[in-house]
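Observations on the three-dimensional arrangement
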Amino acid sequence: MVKVGHRGRMRDHAVIVLRLLTQHERITIGRIASEIGASELTARRWVDSFSCVLPLRLERGTVILEEAFRKHPRKKEG
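Rules behind the numbers
Residues numbered from 1 in each chain as written. Predicted model: local features only at pLDDT ≥ 70, side-chain atom pairs only at ≥ 80, totals over all residues. Heavy atoms only, no water. Helix = DSSP H or I, 4+ residues; strand = E, 2+ residues; numbered from the N terminus. Buried < 20%, exposed > 50% of the residue type's maximum accessible area, 1.4 Å probe, protein only. Contact = heavy atoms within 4.5 Å. Areas by Shrake-Rupley, 256 points an atom, 1.4 Å probe, with all protein chains shown as cover. Pairing = 2+ DSSP bridges. Salt bridge = Lys/Arg side-chain N within 4 Å of Asp/Glu carboxyl O.

The next subject is the overall build of the protein. Looking only at helices and strands, the protein features 4 helices and 3 strands. Reading the secondary structure of the protein in the N-to-C direction produces α-β-α-α-β-β-α. For the protein, the residues scored as buried account for 26% of the 78 residues in total. The long-range share in the protein, meaning contacts at least 24 apart out of those at least 6 apart in sequence, stands at 44%. Working note: accessible area of the protein is about 6,200 Å², and carbon and sulfur atoms make up 52% of it.

Spelled out as structure tokens, the structure:
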């Protein structure tokens, strides 16, 4: 197994958190922390950072991605 440095770990966390936020309408801070193998405080920091670029909010430990971002209009075929 190859050890990744601090920057590699941060990059991995960013990718995992982005995937979780875009795949789930609602996800708990605890689940995010578990998925990235970090503390809930670290997960909360990542969510706070992503809130600058994604329309999300945090309610009682649950991250909610706004509906307008989740639903994309389908392209008409034909």
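Sheet topology places strand E2 (residues 56-59) next to strand E3 (residues 62-65); 4 bridges connect them, and they run antiparallel. Its bridge partner being in E3, Arg 57 is matched across the sheet by Ile 64. Between the antiparallel neighbours E2 and E3 lie 2 residues, among them Arg 60 with a positive phi of about 50°.

Tallied over the full model, the rule gives 4 salt bridges. For Arg 11, the salt bridge goes to Asp 12, with nearest N and O atoms at 3.5 Å. The class of Arg 11 is exposed, set by a relative accessible area of 51%. Among the salt bridges present, the one from Arg 57 reaches Glu 66, with a minimum N-O distance of 2.7 Å. By relative accessible area, which is 33% here, Arg 57 ends up partly exposed. Through salt bridges with shared partners, one network takes in Arg 57, Glu 59 and Glu 66.

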